[in-house]
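If you want the building blocks of each chain, they are given just below.
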Amino acid sequence: MKARVTDLFHRHFSKRKLLTLLPTWMKSSATQQGLMFGGVSIISLVLMATVTFLYVEHELKDQNREIVKESQQLATGHHKKVDDDPIEDDEILAVLASGFVLAGVLVSIFTVALVIAMSRISQKRINRIESVLNAAAEGDLSARTDVKYTHNDLARISVSVDDMLSRLEGSVAAMSDISANIAHELKTPITRLRHNLLTLREEADRVEPNLDDAFIEELDKALEDSQRLASIFDALLRISQIESGARRSRFMALDLNDVIETVAEIYVDVAEDAEMTLTVDKPDSPLMIQGDRELLIQQVANLIENALRYCPAGSYIQLRCGENLESGNVWLEVSDNGSGIADEEKERVFERLYRVDKSRTDGGLGLGLSLAKAVAGLHYGNIELFDAEPGLGVRVAIPVR
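Reference entry: report on the structure contained in this document. (Residues numbered from 1 in each chain as written. Predicted model: local features only at pLDDT ≥ 70, side-chain atom pairs only at ≥ 80, totals over all residues. Heavy atoms only, no water.)

**Considerations on the overall build of the protein chain**
Part 1 of the reasoning: Summing up its helical and strand segments, the protein chain has eight helices and seven strands in all.
Part 2 of the reasoning: When the 401 residues of the protein chain are sorted by exposure, 30% land in the buried category.
Part 3 of the reasoning: For the protein chain, the exposed area adds up to about 25,500 Å²; of that, 57% sits on carbon and sulfur atoms. (Helix = DSSP H or I, 4+ residues; strand = E, 2+ residues; numbered from the N terminus. Buried < 20%, exposed > 50% of the residue type's maximum accessible area, 1.4 Å probe, protein only. Areas by Shrake-Rupley, 256 points an atom, 1.4 Å probe, with all protein chains shown as cover.)

See the structure below:
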(Lines give C-alpha, C1' and ligand atoms only; values in the text may rest on other atoms or scores of the structure.)
Protein backbone atom coordinates (compact mmCIF):
# COMPACT_ATOMS: atom_id res chain seq x y z
CA MET A 1 0.00 0.00 0.00
CA LYS A 2 2.83 2.39 0.91
CA ALA A 3 4.61 1.63 -2.35
CA ARG A 4 1.43 2.36 -4.31
CA VAL A 5 0.93 5.72 -2.58
CA THR A 6 4.58 6.60 -3.25
CA ASP A 7 4.19 5.64 -6.90
CA LEU A 8 1.07 7.80 -7.26
CA PHE A 9 2.88 10.72 -5.61
CA HIS A 10 5.81 10.44 -8.00
CA ARG A 11 3.47 10.25 -10.97
CA HIS A 12 1.58 13.33 -9.82
CA PHE A 13 4.79 15.23 -9.13
CA SER A 14 6.28 14.23 -12.50
CA LYS A 15 3.12 15.35 -14.32
CA ARG A 16 3.05 18.62 -12.45
CA LYS A 17 6.75 19.22 -13.13
CA LEU A 18 6.33 18.37 -16.80
CA LEU A 19 3.36 20.75 -17.21
CA THR A 20 5.31 23.49 -15.44
CA LEU A 21 8.32 23.07 -17.73
CA LEU A 22 6.27 23.39 -20.93
CA PRO A 23 7.28 26.51 -22.91
CA THR A 24 4.70 29.26 -23.27
CA TRP A 25 4.10 28.66 -26.98
CA MET A 26 3.11 25.05 -26.22
CA LYS A 27 0.42 26.17 -23.78
CA SER A 28 -1.76 27.53 -26.57
CA SER A 29 -4.79 25.44 -27.56
CA ALA A 30 -4.15 26.22 -31.24
CA THR A 31 -0.55 25.00 -30.96
CA GLN A 32 -1.56 21.88 -29.06
CA GLN A 33 -4.27 21.11 -31.61
CA GLY A 34 -1.77 21.60 -34.43
CA LEU A 35 0.74 19.30 -32.75
CA MET A 36 -2.02 16.81 -32.09
CA PHE A 37 -3.10 16.91 -35.74
CA GLY A 38 0.49 16.43 -36.86
CA GLY A 39 0.96 13.56 -34.42
CA VAL A 40 -2.27 11.90 -35.54
CA SER A 41 -1.24 12.29 -39.19
CA ILE A 42 2.17 10.68 -38.57
CA ILE A 43 0.66 7.88 -36.51
CA SER A 44 -1.99 7.36 -39.18
CA LEU A 45 0.62 7.11 -41.95
CA VAL A 46 2.74 4.69 -39.91
CA LEU A 47 -0.31 2.64 -39.00
CA MET A 48 -1.53 2.58 -42.59
CA ALA A 49 1.89 1.57 -43.90
CA THR A 50 2.26 -1.11 -41.23
CA VAL A 51 -1.18 -2.58 -41.76
CA THR A 52 -0.77 -2.50 -45.55
CA PHE A 53 2.68 -4.13 -45.33
CA LEU A 54 1.50 -6.88 -42.99
CA TYR A 55 -1.62 -7.57 -45.00
CA VAL A 56 0.18 -7.64 -48.36
CA GLU A 57 2.96 -9.77 -46.88
CA HIS A 58 0.37 -12.23 -45.59
CA GLU A 59 -1.37 -12.45 -48.97
CA LEU A 60 1.93 -12.82 -50.85
CA LYS A 61 2.96 -15.64 -48.51
CA ASP A 62 -0.28 -17.45 -49.37
CA GLN A 63 0.40 -17.06 -53.07
CA ASN A 64 4.04 -18.12 -52.58
CA ARG A 65 2.86 -21.29 -50.86
CA GLU A 66 0.60 -22.01 -53.84
CA ILE A 67 3.52 -21.53 -56.25
CA VAL A 68 5.75 -23.85 -54.19
CA LYS A 69 2.98 -26.43 -54.06
CA GLU A 70 2.46 -26.31 -57.84
CA SER A 71 6.23 -26.52 -58.41
CA GLN A 72 6.47 -29.60 -56.23
CA GLN A 73 3.58 -31.21 -58.08
CA LEU A 74 5.22 -30.36 -61.40
CA ALA A 75 8.51 -31.87 -60.25
CA THR A 76 6.88 -35.13 -59.20
CA GLY A 77 4.86 -35.32 -62.38
CA HIS A 78 1.51 -34.89 -60.73
CA HIS A 79 0.92 -31.61 -62.50
CA LYS A 80 1.97 -31.14 -66.10
CA LYS A 81 0.52 -27.77 -66.93
CA VAL A 82 2.86 -24.81 -66.35
CA ASP A 83 1.30 -21.48 -65.43
CA ASP A 84 3.13 -18.74 -67.37
CA ASP A 85 1.79 -16.03 -64.99
CA PRO A 86 1.68 -17.53 -61.48
CA ILE A 87 1.20 -14.08 -59.86
CA GLU A 88 -1.57 -12.20 -61.61
CA ASP A 89 -1.52 -8.40 -61.69
CA ASP A 90 -5.19 -8.21 -60.77
CA GLU A 91 -4.61 -10.24 -57.66
CA ILE A 92 -1.72 -8.00 -56.60
CA LEU A 93 -3.81 -4.87 -57.17
CA ALA A 94 -6.68 -6.43 -55.26
CA VAL A 95 -4.36 -7.29 -52.37
CA LEU A 96 -2.94 -3.75 -52.30
CA ALA A 97 -6.41 -2.19 -52.52
CA SER A 98 -7.70 -4.42 -49.73
CA GLY A 99 -4.69 -3.51 -47.59
CA PHE A 100 -5.21 0.20 -48.10
CA VAL A 101 -8.94 -0.08 -47.39
CA LEU A 102 -8.34 -2.06 -44.22
CA ALA A 103 -5.63 0.36 -43.10
CA GLY A 104 -7.87 3.34 -43.93
CA VAL A 105 -10.73 1.91 -41.88
CA LEU A 106 -8.49 1.27 -38.89
CA VAL A 107 -6.89 4.71 -39.14
CA SER A 108 -10.31 6.37 -39.42
CA ILE A 109 -11.56 4.53 -36.34
CA PHE A 110 -8.42 5.51 -34.43
CA THR A 111 -8.66 9.15 -35.53
CA VAL A 112 -12.37 9.43 -34.73
CA ALA A 113 -11.86 7.86 -31.30
CA LEU A 114 -9.00 10.25 -30.54
CA VAL A 115 -10.94 13.31 -31.74
CA ILE A 116 -14.01 12.29 -29.71
CA ALA A 117 -11.87 11.77 -26.60
CA MET A 118 -10.18 15.16 -26.98
CA SER A 119 -13.49 16.88 -27.74
CA ARG A 120 -15.13 15.35 -24.68
CA ILE A 121 -12.26 16.50 -22.48
CA SER A 122 -12.48 20.05 -23.85
CA GLN A 123 -16.28 20.09 -23.68
CA LYS A 124 -16.18 18.83 -20.10
CA ARG A 125 -13.92 21.74 -19.16
CA ILE A 126 -16.16 24.21 -20.99
CA ASN A 127 -19.26 22.81 -19.27
CA ARG A 128 -17.53 23.10 -15.91
CA ILE A 129 -16.61 26.73 -16.56
CA GLU A 130 -20.16 27.45 -17.72
CA SER A 131 -21.73 25.81 -14.66
CA VAL A 132 -19.43 27.75 -12.33
CA LEU A 133 -20.26 31.06 -14.04
CA ASN A 134 -24.00 30.26 -13.91
CA ALA A 135 -23.70 29.46 -10.21
CA ALA A 136 -21.85 32.74 -9.65
CA ALA A 137 -24.54 34.62 -11.58
CA GLU A 138 -27.13 33.12 -9.22
CA GLY A 139 -25.17 34.31 -6.19
CA ASP A 140 -23.11 31.22 -5.31
CA LEU A 141 -19.60 32.68 -5.26
CA SER A 142 -18.15 29.54 -3.66
CA ALA A 143 -18.32 27.52 -6.90
CA ARG A 144 -14.92 26.65 -8.45
CA THR A 145 -13.61 24.79 -11.49
CA ASP A 146 -10.82 23.26 -9.33
CA VAL A 147 -8.29 23.35 -12.19
CA LYS A 148 -4.70 23.58 -10.94
CA TYR A 149 -2.51 23.48 -14.09
CA THR A 150 -2.36 26.16 -16.80
CA HIS A 151 -1.29 23.81 -19.59
CA ASN A 152 -3.69 25.22 -22.23
CA ASP A 153 -6.08 28.08 -22.89
CA LEU A 154 -9.10 26.45 -21.23
CA ALA A 155 -7.05 25.60 -18.16
CA ARG A 156 -5.78 29.19 -17.90
CA ILE A 157 -9.35 30.50 -18.24
CA SER A 158 -10.48 28.09 -15.51
CA VAL A 159 -7.73 29.22 -13.16
CA SER A 160 -8.53 32.88 -13.92
CA VAL A 161 -12.23 32.28 -13.21
CA ASP A 162 -11.39 30.63 -9.88
CA ASP A 163 -9.07 33.49 -8.96
CA MET A 164 -11.69 36.08 -9.93
CA LEU A 165 -14.42 34.35 -7.90
CA SER A 166 -12.12 34.01 -4.89
CA ARG A 167 -11.40 37.72 -4.92
CA LEU A 168 -15.04 38.60 -5.56
CA GLU A 169 -16.20 36.31 -2.75
CA GLY A 170 -13.72 37.93 -0.40
CA SER A 171 -14.82 41.43 -1.40
CA VAL A 172 -18.52 40.60 -1.02
CA ALA A 173 -17.90 38.96 2.35
CA ALA A 174 -15.91 41.99 3.50
CA MET A 175 -18.65 44.36 2.34
CA SER A 176 -21.31 42.27 4.06
CA ASP A 177 -19.31 42.24 7.28
CA ILE A 178 -18.80 45.99 7.11
CA SER A 179 -22.49 46.60 6.45
CA ALA A 180 -23.53 44.28 9.28
CA ASN A 181 -21.03 45.84 11.67
CA ILE A 182 -22.16 49.37 10.79
CA ALA A 183 -25.78 48.37 11.25
CA HIS A 184 -25.03 46.75 14.62
CA GLU A 185 -22.96 49.72 15.80
CA LEU A 186 -25.62 52.25 14.78
CA LYS A 187 -28.56 50.26 16.07
CA THR A 188 -27.44 50.56 19.68
CA PRO A 189 -27.24 54.39 19.83
CA ILE A 190 -30.47 54.67 17.84
CA THR A 191 -32.22 52.40 20.34
CA ARG A 192 -30.78 54.44 23.19
CA LEU A 193 -31.86 57.67 21.49
CA ARG A 194 -35.40 56.36 21.09
CA HIS A 195 -35.51 55.30 24.74
CA ASN A 196 -34.39 58.78 25.82
CA LEU A 197 -36.98 60.41 23.56
CA LEU A 198 -39.72 58.19 24.99
CA THR A 199 -38.63 59.14 28.52
CA LEU A 200 -38.66 62.81 27.53
CA ARG A 201 -42.14 62.41 26.00
CA GLU A 202 -43.46 60.85 29.20
CA GLU A 203 -42.04 63.78 31.17
CA ALA A 204 -43.63 66.16 28.68
CA ASP A 205 -47.03 64.53 29.19
CA ARG A 206 -46.79 65.20 32.93
CA VAL A 207 -46.01 68.89 32.47
CA GLU A 208 -47.81 69.38 29.13
CA PRO A 209 -49.80 72.49 30.21
CA ASN A 210 -46.54 74.38 30.70
CA LEU A 211 -44.96 73.32 27.38
CA ASP A 212 -45.21 74.90 23.96
CA ASP A 213 -47.27 72.95 21.39
CA ALA A 214 -44.46 73.33 18.85
CA PHE A 215 -42.09 71.59 21.28
CA ILE A 216 -44.48 68.65 21.67
CA GLU A 217 -44.92 68.43 17.89
CA GLU A 218 -41.18 68.40 17.26
CA LEU A 219 -40.72 65.79 19.98
CA ASP A 220 -43.32 63.56 18.34
CA LYS A 221 -41.56 63.95 14.98
CA ALA A 222 -38.25 62.98 16.59
CA LEU A 223 -39.89 59.89 18.06
CA GLU A 224 -41.35 59.00 14.67
CA ASP A 225 -37.99 59.48 12.93
CA SER A 226 -36.18 57.39 15.55
CA GLN A 227 -38.72 54.60 15.07
CA ARG A 228 -38.20 54.82 11.32
CA LEU A 229 -34.41 54.61 11.72
CA ALA A 230 -34.73 51.60 14.03
CA SER A 231 -37.04 49.89 11.52
CA ILE A 232 -34.60 50.56 8.67
CA PHE A 233 -31.66 49.06 10.53
CA ASP A 234 -33.72 46.07 11.63
CA ALA A 235 -34.72 45.46 8.01
CA LEU A 236 -31.15 45.89 6.74
CA LEU A 237 -29.83 43.42 9.30
CA ARG A 238 -32.58 40.97 8.41
CA ILE A 239 -31.79 41.23 4.69
CA SER A 240 -28.07 40.68 5.38
CA GLN A 241 -28.90 37.62 7.46
CA ILE A 242 -31.12 36.24 4.70
CA GLU A 243 -28.54 36.87 1.97
CA SER A 244 -25.87 35.06 3.98
CA GLY A 245 -27.87 31.83 3.53
CA ALA A 246 -27.79 31.01 7.25
CA ARG A 247 -31.56 30.57 7.34
CA ARG A 248 -31.39 27.58 4.98
CA SER A 249 -30.67 25.43 8.02
CA ARG A 250 -34.28 26.07 9.04
CA PHE A 251 -35.77 24.81 5.77
CA MET A 252 -38.52 22.23 6.05
CA ALA A 253 -41.18 20.72 3.83
CA LEU A 254 -44.18 23.06 3.64
CA ASP A 255 -47.24 23.75 1.53
CA LEU A 256 -47.22 27.15 -0.18
CA ASN A 257 -51.02 27.14 0.00
CA ASP A 258 -50.77 27.31 3.81
CA VAL A 259 -48.53 30.37 3.54
CA ILE A 260 -51.05 32.06 1.24
CA GLU A 261 -53.94 31.22 3.58
CA THR A 262 -52.09 32.59 6.63
CA VAL A 263 -51.37 35.91 4.90
CA ALA A 264 -54.88 36.14 3.43
CA GLU A 265 -56.52 35.71 6.85
CA ILE A 266 -54.77 38.89 8.00
CA TYR A 267 -54.81 41.11 4.94
CA VAL A 268 -58.35 40.55 3.64
CA ASP A 269 -59.62 42.62 6.57
CA VAL A 270 -56.73 45.10 6.24
CA ALA A 271 -57.66 45.66 2.60
CA GLU A 272 -61.30 46.23 3.54
CA ASP A 273 -60.26 48.84 6.10
CA ALA A 274 -58.29 50.58 3.33
CA GLU A 275 -61.40 50.45 1.07
CA MET A 276 -59.78 47.89 -1.22
CA THR A 277 -60.53 44.27 -2.13
CA LEU A 278 -58.08 41.39 -1.75
CA THR A 279 -58.97 38.15 -3.56
CA VAL A 280 -57.15 34.83 -3.26
CA ASP A 281 -56.82 32.18 -5.97
CA LYS A 282 -54.99 28.95 -5.12
CA PRO A 283 -55.20 25.34 -6.33
CA ASP A 284 -56.79 22.52 -4.36
CA SER A 285 -53.69 20.33 -4.59
CA PRO A 286 -50.75 21.07 -2.25
CA LEU A 287 -47.70 23.00 -3.49
CA MET A 288 -44.89 21.35 -1.53
CA ILE A 289 -41.47 23.02 -1.33
CA GLN A 290 -38.48 23.16 1.00
CA GLY A 291 -38.41 26.57 2.64
CA ASP A 292 -38.59 28.91 5.62
CA ARG A 293 -42.27 29.45 6.49
CA GLU A 294 -41.69 32.64 8.49
CA LEU A 295 -39.71 34.34 5.72
CA LEU A 296 -42.18 33.31 3.01
CA ILE A 297 -45.05 34.76 5.04
CA GLN A 298 -43.10 37.99 5.47
CA GLN A 299 -42.30 38.07 1.74
CA VAL A 300 -45.96 37.75 0.71
CA ALA A 301 -47.01 40.25 3.39
CA ASN A 302 -44.48 42.79 2.09
CA LEU A 303 -45.79 42.43 -1.46
CA ILE A 304 -49.39 42.97 -0.33
CA GLU A 305 -48.42 45.93 1.87
CA ASN A 306 -46.69 47.55 -1.12
CA ALA A 307 -49.89 47.20 -3.14
CA LEU A 308 -51.99 48.60 -0.29
CA ARG A 309 -49.60 51.52 0.18
CA TYR A 310 -49.40 52.63 -3.45
CA CYS A 311 -52.89 51.85 -4.76
CA PRO A 312 -55.81 54.28 -4.38
CA ALA A 313 -59.02 53.43 -2.56
CA GLY A 314 -61.32 51.13 -4.51
CA SER A 315 -58.45 49.11 -6.03
CA TYR A 316 -58.46 45.34 -6.43
CA ILE A 317 -55.51 43.23 -5.27
CA GLN A 318 -55.17 39.60 -6.30
CA LEU A 319 -53.05 36.97 -4.55
CA ARG A 320 -52.47 33.83 -6.59
CA CYS A 321 -50.24 30.75 -6.50
CA GLY A 322 -49.75 27.63 -8.61
CA GLU A 323 -47.26 25.21 -10.13
CA ASN A 324 -45.43 25.17 -13.47
CA LEU A 325 -44.87 21.51 -14.32
CA GLU A 326 -42.59 22.28 -17.30
CA SER A 327 -40.08 24.31 -15.29
CA GLY A 328 -40.57 22.41 -12.03
CA ASN A 329 -41.36 25.62 -10.13
CA VAL A 330 -44.11 26.74 -7.81
CA TRP A 331 -45.06 30.39 -8.09
CA LEU A 332 -46.98 33.11 -6.32
CA GLU A 333 -48.23 36.43 -7.66
CA VAL A 334 -49.49 39.65 -6.15
CA SER A 335 -51.10 41.97 -8.71
CA ASP A 336 -53.24 45.10 -8.54
CA ASN A 337 -55.11 47.45 -10.86
CA GLY A 338 -53.39 50.59 -9.64
CA SER A 339 -51.26 53.03 -11.61
CA GLY A 340 -48.22 50.72 -11.86
CA ILE A 341 -44.67 51.98 -12.36
CA ALA A 342 -42.58 52.96 -15.39
CA ASP A 343 -40.47 50.30 -17.12
CA GLU A 344 -37.20 52.07 -16.29
CA GLU A 345 -38.06 51.86 -12.58
CA LYS A 346 -38.79 48.12 -12.51
CA GLU A 347 -35.20 47.04 -11.95
CA ARG A 348 -34.30 49.76 -9.49
CA VAL A 349 -37.20 49.07 -7.12
CA PHE A 350 -35.31 46.02 -5.84
CA GLU A 351 -32.45 48.25 -4.67
CA ARG A 352 -32.28 48.90 -0.95
CA LEU A 353 -33.90 52.17 0.21
CA TYR A 354 -34.97 53.04 -3.35
CA ARG A 355 -38.42 54.59 -3.66
CA VAL A 356 -40.22 55.45 -6.88
CA ASP A 357 -41.97 58.51 -5.44
CA LYS A 358 -39.46 60.13 -3.13
CA SER A 359 -41.87 62.90 -2.21
CA ARG A 360 -44.33 60.55 -0.49
CA THR A 361 -44.38 60.34 3.30
CA ASP A 362 -46.45 57.19 3.68
CA GLY A 363 -44.05 55.44 6.05
CA GLY A 364 -42.49 53.14 3.47
CA LEU A 365 -38.85 52.23 4.01
CA GLY A 366 -37.93 51.28 0.45
CA LEU A 367 -36.89 47.83 1.67
CA GLY A 368 -40.00 45.71 1.07
CA LEU A 369 -39.04 44.49 -2.39
CA SER A 370 -35.38 44.16 -1.38
CA LEU A 371 -36.38 41.76 1.36
CA ALA A 372 -38.75 39.92 -0.99
CA LYS A 373 -35.88 39.47 -3.47
CA ALA A 374 -33.55 38.24 -0.72
CA VAL A 375 -36.13 35.66 0.39
CA ALA A 376 -36.59 34.48 -3.21
CA GLY A 377 -32.81 34.11 -3.60
CA LEU A 378 -32.56 32.21 -0.32
CA HIS A 379 -35.03 29.68 -1.78
CA TYR A 380 -33.01 29.45 -5.06
CA GLY A 381 -35.84 31.28 -6.84
CA ASN A 382 -36.31 34.57 -8.62
CA ILE A 383 -38.65 37.54 -8.51
CA GLU A 384 -39.82 39.77 -11.36
CA LEU A 385 -42.29 42.55 -12.06
CA PHE A 386 -44.84 42.50 -14.87
CA ASP A 387 -47.62 44.71 -16.19
CA ALA A 388 -51.02 43.65 -14.83
CA GLU A 389 -52.72 45.84 -17.48
CA PRO A 390 -53.56 48.01 -15.69
CA GLY A 391 -51.50 48.01 -12.56
CA LEU A 392 -48.43 46.14 -11.40
CA GLY A 393 -47.77 42.48 -10.69
CA VAL A 394 -44.98 40.76 -8.80
CA ARG A 395 -44.22 37.11 -9.53
CA VAL A 396 -42.01 34.87 -7.40
CA ALA A 397 -40.89 31.47 -8.74
CA ILE A 398 -39.36 28.88 -6.40
CA PRO A 399 -37.96 25.55 -7.65
CA VAL A 400 -39.27 22.32 -6.15
CA ARG A 401 -36.09 20.87 -4.65
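Past the structure itself, the notes keep going.
**Digging into unusual backbone geometry**
Part 1 of the reasoning: Between glutamate 389 and proline 390 the backbone carries a cis peptide bond, its omega angle lying at 0°.
Part 2 of the reasoning: Among the structural elements, proline 390 can be located in the loop between β6 (382-387) and β7 (392-399).
Part 3 of the reasoning: Phi at glutamate 275 takes a positive value of approximately 60°, unusual for a residue other than glycine.
Part 4 of the reasoning: Residue placement: glutamate 275 occurs in the loop between α6 (256-273) and β2 (277-281).
Part 5 of the reasoning: Despite not being glycine, tyrosine 380 shows a phi value in the positive range, around 60°.
Part 6 of the reasoning: Relative to the elements of secondary structure, tyrosine 380 occurs in the loop between α8 (368-378) and β6.
Part 7 of the reasoning: Judged by relative accessible area, which is 40%, tyrosine 380 ranks as partly exposed.

**Here's the deal with the nonpolar core**
Part 1 of the reasoning: With 52 residues, the main nonpolar core has Val300, Leu303, Ile304 and Leu332 as its most contacted residues.
Part 2 of the reasoning: Of all the elements in the fold, those that place two or more residues in this core are α5 (213-243), α6, α7 (293-310), β4 (316-324), β5 (329-336), α8, β6 and β7.
Part 3 of the reasoning: Counting residues per element, this core draws most heavily on α7, which supplies eight residues.
Part 4 of the reasoning: Here this core spans two domains, and each of domain 2 (157-244) and domain 3 (249-399) adds at least three residues to it.
Part 5 of the reasoning: The contacts of leucine 303, once residues within four sequence positions are left out, are Leu332, Val334, Leu369, Ala372, Val394 and Val396. (Core = buried A, V, L, I, M, F, W, Y, C linked by side-chain atoms within 4.5 Å. Domains from an automatic or database assignment. Contact = heavy atoms within 4.5 Å.)

**Quick notes on the packing of α5 against α8**
Part 1 of the reasoning: Relative orientation of the contacting elements α5 and α8 amounts to 15°, with a least axis distance of 9 Å. Taken together, the axes of α5 and α8 are roughly parallel relative to one another. Handedness of the crossing formed by α5 with α8: left-handed. Contacts between α5 and α8 involve Arg238, Ile239, Ile242 and Glu243 on the former and, on the latter, Ser370, Leu371, Ala374, Val375 and Leu378.
Part 2 of the reasoning: Grouping the amino acids of the contact of α5 with α8 by side-chain chemistry returns six nonpolar, one polar and two charged. (Axes fitted to C-alpha atoms, helices over the stretch in contact; angles between N-to-C directions. Parallel < 35°, antiparallel > 145°, perpendicular 65-115°, else oblique. Left-handed = near helix turned anticlockwise from the far one by under 90°. Nonpolar A, V, L, I, M, F, W, Y, C, P; charged D, E, K, R; others polar.)

**Observations concerning the pairing of β6**
Part 1 of the reasoning: Examined bridge by bridge, β6 and β7 share six bridges and lie antiparallel to one another. Paired with aspartate 387 across the two strands is leucine 392, which belongs to β7.
Part 2 of the reasoning: Turn length for the β6-β7 hairpin, with the two strands adjacent in sequence and antiparallel, is four residues, and the turn residue glutamate 389 shows positive phi of about 50°. (Pairing = 2+ DSSP bridges.)

**Here we look at the packing of aromatic side chains**
Part 1 of the reasoning: Inspection of every chain in the model, using the stated rule, returns zero aromatic pairs.
Part 2 of the reasoning: Above the face of the tyrosine 380 ring, arginine 248 is positioned so that its terminal group lies 4.3 Å from the ring centre.
Part 3 of the reasoning: One Lys or Arg, arginine 395, reaches over the ring of tryptophan 331 and ends 4.5 Å from the middle of that ring. (Phe/Tyr/Trp six-rings, centres within 6.5 Å; stacked < 30°, edge-to-face > 60°. Lys NZ or Arg CZ within 6 Å of the ring centre and 35° of its normal.)

**A word on the packing of α6 against α7**
Part 1 of the reasoning: As a packed pair, α6 and α7 sit with axes 9 Å apart at the nearest point and diverge in direction by 30°. Judged by the angle between their axes, α6 and α7 are roughly parallel. As α6 packs across α7, the resulting crossing turns out to be right-handed. Contact residues: α6 offers Asp258, Val259, Ile260, Thr262, Val263, Tyr267, Val270 and Ala271, while α7 offers Arg293, Leu296, Ile297, Val300, Ala301, Ile304, Glu305 and Leu308.

**Here's the deal with the pattern of salt bridges**
Part 1 of the reasoning: Tallied over the full model, the rule gives eleven salt bridges.
Part 2 of the reasoning: Glutamate 333 is paired through a salt bridge with arginine 395; the nearest N and O atoms lie 2.4 Å apart. Here glutamate 333 is found in strand β5, whereas its partner arginine 395 is found in strand β7, with 62 residues between them in sequence.
Part 3 of the reasoning: If you follow the salt bridges from partner to partner, you end up with Asp281, Arg320, Glu333 and Arg395 in one network. (Salt bridge = Lys/Arg side-chain N within 4 Å of Asp/Glu carboxyl O.)

**Some thoughts on α7**
Part 1 of the reasoning: The first and last C-alpha atoms of α7 sit 26 Å apart over 18 residues, in line with the 26 Å expected at 1.5 Å per residue.
Part 2 of the reasoning: All of the buried residues in α7 are Leu295, Leu296, Gln299, Val300, Ala301, Asn302, Leu303, Ile304, Asn306, Ala307 and Leu308.
Part 3 of the reasoning: Two to three positions downstream of the cap, the backbone nitrogen of glutamate 294 sits 3.1 Å from a side-chain oxygen, assigning the N-cap of α7 to aspartate 292. (Expected span 1.5 Å × (residues − 1). Polar contact = N/O pair within 3.5 Å; in protein donor to acceptor, adjacent residues only side chain to side chain.)

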